[in-house]
Amino acid sequence: MSQPISGPPPMPVTDWLSAQWDDACALDPRGDARPDGGFDDLIAAERKIEPRDQMPSGYRETLIRQLGQHAHSEVVGMQPEAHWIPRAPTLHRKAVLLAKVQDEAGHGLYLYAAAETLGATREDMLAALLAGRQGYLSFINYPTLTWADTAALAWLTDGAAIVNQVPLCQTSYGPYARAMLRVCREESFHHRQGFDSLWVMMRGTAAQREMAADAVARWWYPALAMFGPPDARSTHSAQSMAWRIKRFSNDELRQRFVDVCVPQAELLGVTLPDPAMRWNAERRHYDFTPPDFGELTQVIRGHGPCNRQRLEHRRQVHEEGRWVREAAAEYARKHAMRNGGQDGT
Ligand code: FAQ
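Residues numbered from 1 in each chain as written. Predicted model: local features only at pLDDT ≥ 70, side-chain atom pairs only at ≥ 80, totals over all residues. Heavy atoms only, no water.

To continue, consider the overall build of the chain. Counting secondary structure elements, the chain contains 14 helices and 2 strands. Here the C-alpha atoms of the chain give a radius of gyration of 21 Å, agreeing with the 20 Å that 2.2 N^0.38 yields for 345 residues. Principal axes of the C-alpha set define a box for the chain whose edges measure 65 × 50 × 50 Å. Buried residues in the chain amount to 49% of all 345 residues. Considering only contacts in the chain between residues 6 or more positions apart, those separated by 24 or more positions represent 77%. In the form shown here, the chain has an accessible surface area of approximately 17,400 Å², with 55% of it arising from carbon and sulfur atoms. Placing the 39 positive and 42 negative side-chain charges of the chain at their respective mean positions leaves the two points 4 Å apart. (Helix = DSSP H or I, 4+ residues; strand = E, 2+ residues; numbered from the N terminus. Rg over C-alpha atoms; globule rule 2.2 N^0.38 Å. Buried < 20%, exposed > 50% of the residue type's maximum accessible area, 1.4 Å probe, protein only. Contact = heavy atoms within 4.5 Å. Areas by Shrake-Rupley, 256 points an atom, 1.4 Å probe, with all protein chains shown as cover. Lys, Arg positive; Asp, Glu negative; His and termini not counted. Charge placed at Lys NZ, Arg CZ, Asp CG, Glu CD.)

Let us now look at the site of the ligand. Close to the ligand lie 34 residues, the nearest being Ser234, Thr235, His236, Lys246 and Asn250. Within the side chain of glutamate 187, an N or O atom sits 3.3 Å from an oxygen atom of the ligand. In the environment of the ligand, an oxygen atom lies 2.9 Å from a nitrogen or oxygen atom belonging to the backbone of threonine 235. Protein contact buries 89% of the 1,100 Å² of open area that the ligand shows by itself. Of all the secondary-structure elements, those providing two or more residues to the shell around the ligand are helix H3 (57–76), helix H5 (91–116), helix H7 (147–168), helix H8 (174–202) and helix H12 (293–303). The element that contributes the greatest number of residues to the shell around the ligand is H3, accounting for 6 residues. Residues belonging to the shell around the ligand are distributed by class as follows: 11 nonpolar, 15 polar and 8 charged. (Near = heavy atom within 4 Å. Polar contact = N/O pair within 3.5 Å; in protein donor to acceptor, adjacent residues only side chain to side chain. Nonpolar A, V, L, I, M, F, W, Y, C, P; charged D, E, K, R; others polar.)

As C-alpha cells, then:
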C-alpha cells in the first residue's frame, strides 16, 4: 500500500500580503486606456509611466539608481548560496538550490533590461557596481556558514524580498512593475523551498535542529535591515512615494515582514532571536526590536563581514567572462554586416 506523502503544511501568510498580491495580479500591466495629459496626470490616475513618456529627470535617475541596485542585488546575491551547490546533502536539494540561484541571474537580467529602457546601459551599471559607485543589498555581505544558512537565508531574506517586491509590482514605472510580477512568482518558490528545508531540519536530529536555530538567529537581523534605514532617516522615501515608485515606507514594510514571519516561525518551531517580540493587540501588529542601523550603515559603506570578498569575486568573474562578451559583440557585428544592416543593428 502506498504511503501518504508527508511534507510541510502550507505556509501561512497575512491577509495584507495576500491582498497586495491579488491587487498586483489584477493590475492592467500594459497601462492601456490612459488619460490624456502628462506625467503628473498619469501618476495621479495610477497609470503606468512607459519608456516613451515624458518624465522628470529625477524620476528617471531615481529609477536607474534603484533598478541598478536591485539588479546588482540579484546577481551578487547568487554568491552566498552558490557556495553550497556542490555541498548540498541530496540530489533533490542540489537541484532546487541550483534552480534558485539560476533564477536570481534571470532576475538580474529582467532588471538590467528594465533600467535599459530608461537609457542606462548595462556596461555603465556594471562598471558602477565594480567601482563601488552603485551598491547592492546589505544582507549579501554576511557569510553562509553551514548548510542550514541556505534554508534560513531563503526563508528570511527571500521572505523579506517578497514583502518589499510584491508592492513594487504596483510601482509607477511599467517595465519595473512587469518585471516584478515575474520575479515575485519565482521568489515565492525560493521562499517556500527555504521554509521546506528548515521544516525538515527542525524535525531531524538534535544537531540539525541546532544548526537550523543558529542560522535563523544569525539571519534575522540582516533580513530586518534589508528594508533600509528608519523612515526618519530615509533620504529617498518621500520623493519616491510621491512618484509612486515606492508604495510603502521602509518601516511599514519591516513591520509587515515581522507580522508575516511570526506565525511561520511558530509552525516551523524556530525561535526568532528577539525576546521583546510580542503581539500588540492595540496596534494589531507584533512589537519587535529594530535592527542595529549603525551596523547597516557600516555594511552599506563597505565594512560588512564579506563586502570585500563579494566584490572581488564579482570582479574576477566579470574579467573571466570578458571573452564571452567580446565574442557575442563580434557575432552581432558580423550578423549585422551579413544582413547589410537591414535588421537595424
Ligand atoms: N542595503 O532613502 P533610502 C533578492 C541605501 S535581493 C544596502 O531608504 P530607498 C535576491 C539606499 O540604496 C533583494 N543599501 O533608499 C536574493 C540609499 O543609498 P543611496 C532585491 C541600502 O531607495 C534573495 C540609502 O541607503 N531587492 O531578492 C539598504 O528609498 C535571497 C538611503 O536609503 C531590492 O533590491 C540596504 N538594505 O529605499 C538573493 C529592493 N537600504 O542610493 C539571495 C529594491 C537602504 O542614496 C538570497 N530596492 N540602502 O546611496 C528598494 O526597495 C529600495 O531601494 C530600498 C531602499 C527599500 C532598499
